[in-house]
Amino acid sequence: MHAAQLEPTPAELRRWGEAVLDLMSRYHEGLRDRRVAPNTTSREIRAAFDRTMPEEGAGFAATLQEFEEDLLPLVRHNGHPRMFGYVQSPGVPVASLADLLASMLNANLTVWRSAPGPVEIERLAVEWVRQMVGAHPAGDGIFVSGGSMANFSALAAARRTKAPIDIAREGAHALPRAMRLYVSPETHHSVAKAATLLGIGSDHVREVPVDDGSRMRVNSLETMIEEDRRSGYQPFCIAGTAGTVGTGAIDPLDALADVAERHGLWFHIDASYGGFAALAPAARAKLGAFARADSIALDPHKWMYLPVDCGCVLYRDPAAAYATFAHDAEYMRVMDSAPAESFAYWNYGPELSRRFRALKVWMMLRAVGLAPLRAAVEKDLACAALLAEKVEASRDFERLAPVELSIVCFRHVPARGRRLLDTASGADREAVERALDAWNERLLVALQRDGSSYMSNASVGGRFALRACIMNHRTTLADMDVLLADLRRIAGTLGEF
Ligand SMILES: Cc1ncc(COP(=O)(O)O)c(C=O)c1O
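Residues numbered from 1 in each chain as written. Predicted model: local features only at pLDDT ≥ 70, side-chain atom pairs only at ≥ 80, totals over all residues. Heavy atoms only, no water.

Asker: Describe the sheet that holds strand E3 (residues 205-207), naming the residues involved and giving the relevant values.
Answerer: In spatial order, the strands read E1-E7-E6-E5-E4-E2-E3; together these seven strands make up an open sheet with mixed pairing. On the outer flanks of this sheet lie strand E1 (140-144) and E3, each paired with one strand and no other. Direction aside, the axes of adjacent strands within the sheet are offset by 20° on average. Note: strand E2 (residues 179-183) against E3, three bridges, orientation parallel. When the sheet's bridge partners are listed, Tyr 182 is paired in E3 with Arg 206. In the packing of helix H5 (residues 116-133) onto the sheet, contacts are made with E1, strand E6 (295-298) and strand E7 (311-315), and the angle to E1 comes to roughly 110°. (Pairing = 2+ DSSP bridges. Helix = DSSP H or I, 4+ residues; strand = E, 2+ residues; numbered from the N terminus. Axes fitted to C-alpha atoms, helices over the stretch in contact; angles between N-to-C directions. Contact = heavy atoms within 4.5 Å.)

Asker: Residues and numbers for the environment of Val 129, please.
Answerer: Topologically, Val 129 is positioned in helix H5. Along the backbone, Val 129 and Gln 65 are 64 residues apart, and their C-alpha atoms lie at a distance of 38 Å. When residues no more than four places from it in sequence are discounted, the contact partners of Val 129 are Phe 143, Phe 276, Leu 298, Cys 312 and Val 361.

Asker: So, the state of the cysteines: which residues are in play, and what are the values?
Answerer: In the structure shown here, the tally under the stated rule is zero disulfides. Cys 312 provides the cysteine sulfur closest to Cys 310, a residue in no disulfide bond, and the two sulfurs are 7.0 Å apart. Overall, the relative accessible area of 0% leaves Cys 310 in the buried class. (Disulfide = S-S within 2.5 Å. Buried < 20%, exposed > 50% of the residue type's maximum accessible area, 1.4 Å probe, protein only.)

Asker: I'd love a proper account of empty space enclosed by the protein, names of residues and values included.
Answerer: Inspection of the entire model under this criterion finds one cavity of 30 Å³ or more. Taken as a whole, the largest cavity spans an internal volume of roughly 40 Å³. In terms of lining residues, the largest cavity is bounded by Ala 135, His 136, Gly 139, Phe 290, Ala 293, Asp 294, Ile 296, Leu 314, Tyr 315 and Arg 316. Along the lines of polarity and charge, the residues of the lining of the largest cavity split into six nonpolar, two polar and two charged. (1 Å grid on protein atoms, 1.4 Å probe; cavity = no way out; pocket = protein on both sides within 12 Å on 5 of 7 lines; lining within 4 Å. Points joined across faces, edges and corners; volume = space filled by probe spheres on them. Nonpolar A, V, L, I, M, F, W, Y, C, P; charged D, E, K, R; others polar.)

Asker: I'd love a proper account of the site of the ligand, names of residues and values included.
Answerer: Taken together, 14 residues sit near the ligand, with Gly 147, Ser 148, Asp 270, Asp 299 and His 301 positioned nearest. Gly 147 is positioned with one of its backbone polar atoms (N or O) 2.8 Å from an oxygen atom of the ligand. Here an oxygen atom of the ligand and a side-chain polar atom of Ser 148 are 2.6 Å apart. No other element matches the three residues that helix H6 (residues 147-162) contributes to the shell around the ligand. (Near = heavy atom within 4 Å. Polar contact = N/O pair within 3.5 Å; in protein donor to acceptor, adjacent residues only side chain to side chain.)

Asker: Break down the pattern of salt bridges for me, citing the residues and quoting the values.
Answerer: According to the stated counting rule, one finds 38 salt bridges in the structure shown. The partner of Asp 99 in a salt bridge is Arg 355, and the shortest N-O contact between them spans 3.4 Å. Remark: Arg 355 occurs in the loop between helix H12 (318-325) and helix H13 (358-368) and Asp 99 occurs in helix H4 (residues 93-105); sequence separation between them is 256 residues. Linked through salt bridges whose partners overlap, the residues forming this network are Glu 398, Arg 411, Arg 418, Arg 429, Glu 430, Glu 433, Arg 434, Asp 437 and Arg 463. (Salt bridge = Lys/Arg side-chain N within 4 Å of Asp/Glu carboxyl O.)

Asker: Give me the packing of aromatic side chains: which residues, what numbers.
Answerer: Under the criterion given, the structure shown has eight aromatic pairs. An angle of 20° between the planes, with centres 5.4 Å apart, marks the rings of Tyr 273 and Trp 303 as stacked. A residue pair is termed long-range when its members are at least 10 positions apart, and Tyr 273 in the loop between strand E5 (266-271) and helix H11 (281-284) and Trp 303 in the loop between E6 and E7 qualify at 30 residues. Assigned by exposure class, Tyr 273 and Trp 303 land together as buried. Members of the aromatic cluster, each reached through a chain of ring pairs, are Tyr 322, Phe 343, Tyr 345 and Tyr 348. Stacked on the ring of Phe 343, the Lys or Arg Arg 123 has its end atom at 3.7 Å from the ring centre. The ring of Tyr 233 has Arg 180 sitting right over it, with the charged end atom 3.5 Å from the ring centre. (Phe/Tyr/Trp six-rings, centres within 6.5 Å; stacked < 30°, edge-to-face > 60°. Lys NZ or Arg CZ within 6 Å of the ring centre and 35° of its normal.)

Asker: Give me the pairing of strand E9 (residues 407-412): which residues, what numbers.
Answerer: The buried count for E9 comes to six of six residues, which makes it a mostly enclosed element. Across the two faces of E9 the burial is the same, with Ile 407, Cys 409 and Arg 411 and Val 408, Phe 410 and His 412 all buried. In this sheet, strand E11 (residues 463-469) lies alongside E9 in antiparallel orientation, the contact comprising four bridges. Within E11, the residue paired with Val 408 across the bridge is Ala 468.

Asker: Mind laying out a nonpolar patch on the surface, listing which residues take part and the relevant values?
Answerer: On the surface, Leu 21, Leu 97 and Leu 100 cluster together to form a nonpolar patch covering roughly 270 Å² of accessible area. Note that Leu 100 resides in helix H4. For Leu 100, a relative accessible area of 54% corresponds to the exposed category. (Patch = residues over 30% accessible without salt bridge, like charges linked within 9 Å, V, L, I, M, F, W, Y side chains within 5 Å. Areas by Shrake-Rupley, 256 points an atom, 1.4 Å probe, with all protein chains shown as cover.)

Asker: Provide a residue-level description of unusual backbone geometry, including the pertinent values.
Answerer: Each neighbour pair has its own omega, and for Val 308 with Asp 309 the value is 0°, a cis peptide bond. Within the secondary structure, Asp 309 is located in the loop between E6 and E7. Of note, Asn 106 is a non-glycine position whose phi angle comes to about 50°, a positive value. Following the sequence through the fold, Asn 106 ends up in the loop between H4 and H5. Exposure remark for Asn 106: the relative accessible area of 63% places this residue in the exposed category. Residues other than glycine seldom take positive phi values, yet Ser 214 does so here, at roughly 65°. Its place among the elements puts Ser 214 in the loop between E3 and helix H9 (218-230). Assessed through its relative accessible area of 12%, Ser 214 is described here as buried.

Asker: Give a detailed account of the sheet that holds E9, specifying residues and quantitative values.
Answerer: The strand order E8-E9-E11-E10 describes an open sheet built from four strands, whose pairing is antiparallel. The strands lining the two open edges of the sheet, one partner per strand, are strand E8 (397-399) and strand E10 (456-460). If you compare each strand with its neighbour and ignore which way they point, the axes differ by 45° on average. Together, E9, E10 and E11 form the strand contacts of helix H16 (residues 426-450), whose direction differs from that of E11 by roughly 35°.

Listed below in structure tokens is the structure:
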């Protein structure tokens with residue numbers, strides 16, 4: 001056994017690469033037959049690996065074997081066709097290979113001169129993303145690590161633009177009035193986290209109530225803005241969501257844009273989950289307000305099926321981002337005079353060193369094209385609609401939230417639970433509801449341990465919901481039947497309700 005060299009010979013490199021590609025193709029071939037997630041513990045995983053710092057390497061072949069035999073069985077397979085757990089991506093092979101090539105080039109997309117070709121590819125890929133979702137034609141943006149960083153970048157630009165002082169220089173403590181941001185209880189926590197990190201303060205993140213479809217109430221929003229203004233605060237930004245993480249609700253984006261316009265506020269849309277639903281004609285109609293947003297957070301590493309990491313923030317006016325992120329430093333001075341060649345990504349986001357995330361976006365679109373992507377998104381929407389239909393048609397399942405995109409929230413109601421629900425009222429009914437919460441929680445844990453299908457949970461109207469997020473080109477309509485059969489089979493093992 002030979003330790004691998006930092007620089008292998010070309011023949012050796014080819015052998016390593018062939019072994020990796022062979023593993024990749026076997027992995028994808030057998031993915032559907034794997035357990036979705038391992039049933040293991042931290043202790044077991046730690047025990048599976050030699051923890052001595054290796055002075056001498058074990059060689060590439062032996063290490064790859066360790067990866068396949070010891071690590072692969074301990075992974076949750078996010079690309080499995082019945083991985084319905086979270087708003088996340090399955091990954092696509094063309095992007096895995098693009099990531100490999102991006103690491104090979106080791107391009108660092110700080111500024112044009114640092115990576116001329118890659119920077120131009122990122123600018124092109126961002127423009128394609130802008131067109132895919134229908135954002136404002138003047139808009140431009142940047143790839144970031146994910147939706148959280150996209151929300152952070154957008155809110156930084158919003159605050160910089162709307163602050164009555166030069167906040168970059170004077171700091172938030174110099175503000176004459178606290179600046180306030182409007183979200184809903186369904187908004188992803190990364191928005192409030194960004195507000196905390198930016199010094200806006202969680203007290204100034206105002207939660208606007210939602211309707212029974214989990215959508216922000218526009219009248220309440222307007223009332224809160226007016227009240228806040230009268231009380232001496234400065235409303236500055238409305239953050240709507242296109243696809244909430246809990247149920248996939250879409251806020252009334254056009255109405256929110258109207259309110260933002262009327263009150264002179266920044267309008268941000270967190271479209272990290274729902275943004276690429278715009279590829280499907282049926283959903284695009286609900287997302288027309290993308291063209292009116294000042295900023296949009298998107299996640300190609302969700303419904304564009306790309307492997308992590310790849311988020312994207314689009315700014316309607318890139319100059320607002322420039323004013324927020326540009327910093328002068330002698331070592332960063334760009335000496336080319338032509339504007340295109342002096343373009344610097346560090347002026348449009350928080351990061352300096354940035355990997356070539358754009359390569360997987362560009363390579364997938366170039367190699368696969370938009371049509372299969374659009375078909376896959378439409379298929380995911382159809383799967384969710386079918387699952388909701390089957391749930392509604394059954395006696396032993398109950399849908400708990402409307403299905404706007406590809407998340408279905410429902411619960412299992414065993415026969416005795418159904419009888420009790422049909423007859424109980426008042427405190428008795430609440431007791432049955434609580435028992436159903438506990439029953440479904442047990443069912444979820446057992447499903448995750450079982451390995452055939454994987455779901456997560458959401459709270460809908462205070463009730464425990466099983467949540468299926470369907471965003472995987474490998475998932476078929478037939479998988480909806482398998483999921484419900486898995487749940488029924490496992491419920492049968494839980495004992496008496
Ligand atoms: C609506 C929404 N916004 C933001 C995020 C955060 O995205 P990321 O995990 O890429 O940071 C998520 C993640 O699920 C999300 O669903």
